[in-house]
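# Structural description and commentary
Residues per chain are reported as follows:
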Amino acid sequence: MKKNRRLAGLWNRKGGGYALAGICLLLLAGVVLALGTGNRAEAANVTLNGQLLDLNMDGEAYLIETADDLKSLGMAQESETSGRTFKLAGDLTVGSITDAATGTFAGTFDGNGYKITGLHVEAAKDEKPLKYAGLFTYCKNAEIKNVVLVDPQVTTGEYGGALAGVLSSTNVENCHVIGGTVTWDDTGGSCYLGGLAG
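Residues numbered from 1 in each chain as written. Predicted model: local features only at pLDDT ≥ 70, side-chain atom pairs only at ≥ 80, totals over all residues. Heavy atoms only, no water.

### Things to note about the confidence of the model for the protein
The criterion, for reference: What pLDDT reports is the predictor's confidence in each residue, on a scale of 0 through 100. To qualify as a helix, a DSSP run of H or I must reach at least 4 residues; to qualify as a strand, a run of E must reach at least 2; elements of each kind are numbered from the N terminus. Here, two residues are considered to be in contact whenever any of their heavy atoms come within 4.5 Å of each other.
Mean pLDDT over the protein stands at 77; residues scoring 70 or higher make up 71%. Within the protein, strand 13 (residues 143–145) carries the highest mean pLDDT (97), whereas helix 1 (residues 2–37) carries the lowest (48). Contacts for the low-pLDDT stretch residues 24–40, under 50 throughout, to residues beyond four places or in other chains number 7 contacts.

Shown next as structure tokens:
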């Protein structure tokens with residue numbers, strides 16, 4: 001009997017240790033899954049450039065996940081962006097923006113260090129040159145940070161830069177342009193060009 005009790009006690013100690021280790025692993029897996037999802041929530045509605053969009057959230061920031069999202073943000077109105085934060089969710093290839101850009105960005109945009117490649121801003125064929133041209137046409141009381149633009153091609157009739165045509169009372173931090181051109185496309189009037197902003 002003593003032998004059986006000793007074996008049972010030994011098994012219970014070892015089995016208990018394995019059970020405790022198993023519970024710890026399950027708890028750790030739960031924590032990893034919870035942290036892996038971050039603060040991301042369901043999609044939220046936001047109006048940009050007059051269009052109602054469903055954008056995913058990361059905490060309080062609207063996630064910009066597609067080239068179309070980024071184009072809409074670049075042409076959004078001041079009232080649509082003021083007091084809001086937008087964050088790039090990954091590298092994007094943007095392509096052409098030929099609409100008459102008249103937006104004013106007044107929020108916070110965090111490029112998150114991701115690359116925006118292939119931005120090409122100019123007026124549509126047979127249209128008069130854009131007065132303001134860039135990823136954002138006009139920024140007012142905004143904050144733009146951690147943006148990397150690769151090979152942007154911007155053509156403007158007056159104010160032009162890869163990041164923005166005009167920055168008014170706007171903070172810019174850790175933003176870079178790699179390659180690309182900013183060109184003036186007019187024969188008269190004023191010309192304000194810059195690699196980052198006009």
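### Quick notes on the nonpolar core
Threshold: Among buried residues, those of type Ala, Val, Leu, Ile, Met, Phe, Trp, Tyr and Cys that are joined through side-chain atoms within 4.5 Å constitute a nonpolar core. Exposure categories follow from relative accessible area, calculated using a 1.4 Å probe and restricted to protein chains: below 20% of the type maximum is buried, above 50% is exposed, and the middle band is partly exposed.
In terms of nonpolar packing, the biggest core is built from 33 residues, with Ile64, Phe109 and Phe136 touching the most fellow members. Of all the secondary structure elements, the ones that give two or more residues to this core are strand 1 (40–48), strand 2 (51–58), strand 3 (61–64), helix 2 (67–74), strand 4 (85–88) and strand 12 (136–140). Top element by residues in this core is strand 2. It accounts for 3 residues. The residues contacting Phe109, other than those within four sequence positions of it, are Ile64, Leu70, Leu73, Phe86, Leu88, Phe136, Glu143, Ile144, Lys145 and Val147.

### Thoughts on the pattern of salt bridges
Side chains that carry opposite charge are capable of pairing whenever their charged atoms lie near each other. Which entries qualify depends on this criterion: A carboxyl oxygen of Asp or Glu within 4 Å of a side-chain nitrogen of Lys or Arg is what we treat as a salt bridge.
Enumeration according to the criterion identifies 3 salt bridges in this entry. Note that Lys140 and Glu78 form a salt bridge whose closest N and O atoms lie 4.0 Å from each other. Of the two residues, Lys140 is situated in strand 12 and Glu78 in helix 3 (residues 78–81); the sequence distance between them amounts to 62 residues. Here Lys145 makes a salt bridge to Glu143, at a shortest N to O gap of 3.9 Å.

### Points about the sheet that holds strand 19 (residues 176–178)
Heads up, the condition is: When DSSP finds two or more bridges between two strands, those strands count as paired.
Strand order in the open sheet formed by 4 strands is 5-9-14-19, and the pairing between neighbours is parallel. Each edge of the open sheet is held by one strand with a lone partner, namely strand 5 (92–93) and strand 19. As judged from the 2 bridges shared by strand 5 and strand 9 (residues 115–117), these two strands associate in the parallel manner. Opposite Leu92, over in strand 9, you have Ile116 as the bridge partner.

### Notes on the sheet that holds strand 21 (residues 192–193)
Taken in spatial order, the 3 strands make up an open sheet running 11-16-21, and their pairing is parallel. Since the sheet does not close on itself, it has two edges, and those belong to strand 11 (132–133) and strand 21, each with one partner. Relative to strand 21, strand 16 (residues 159–160) runs parallel, the two sharing 2 bridges. Note that in strand 21 the partner of Tyr159 across the bridge is Tyr192.

### Notes on the environment of Leu55
Positionally, Leu55 belongs in strand 2. Given the relative accessible area of 1%, Leu55 is considered buried. Sequence spacing of Leu55 and Thr66 is 11 residues, and the spatial spacing of their C-alpha atoms is 10.0 Å.

### Comments concerning the environment of Asp68
Locating Asp68 in the fold gives a position in helix 2. In this structure Asp68 comes out as exposed when scored by relative accessible area, which is 54%. The spacing of Asp68 and Gly95 is 27 residues in sequence and 9.8 Å in space, taken between C-alpha atoms.

### A word on the state of the cysteines
For the record, the criterion: We call a pair of cysteine sulfur atoms a disulfide when they lie within 2.5 Å.
The final tally for this structure, using the stated rule, is 0 disulfides. In this model Cys139 remains outside any disulfide bridge; the closest cysteine sulfur is found in Cys175, 9.9 Å from its own. With relative accessibility at 0%, the residue Cys139 sits in the buried group.

### Considering the packing of aromatic side chains
Using the following cut-off: Two aromatic rings from Phe, Tyr or Trp, using only the six-membered ring of Trp, form a pair when their centres are within 6.5 Å; if the ring planes differ by under 30 degrees the pair is stacked, by over 60 it is edge-to-face, and anything between is tilted.
According to the stated counting rule, one finds 7 aromatic pairs in the structure shown. Judged by centre distance (4.6 Å) and plane angle (35°), the rings of Phe105 and Phe136 are tilted. With a gap of 31 residues between them, Phe105 in strand 7 (residues 104–105) and Phe136 in strand 12 connect regions that are remote in the sequence. The exposure classification of Phe105 matches that of Phe136, with both residues buried.

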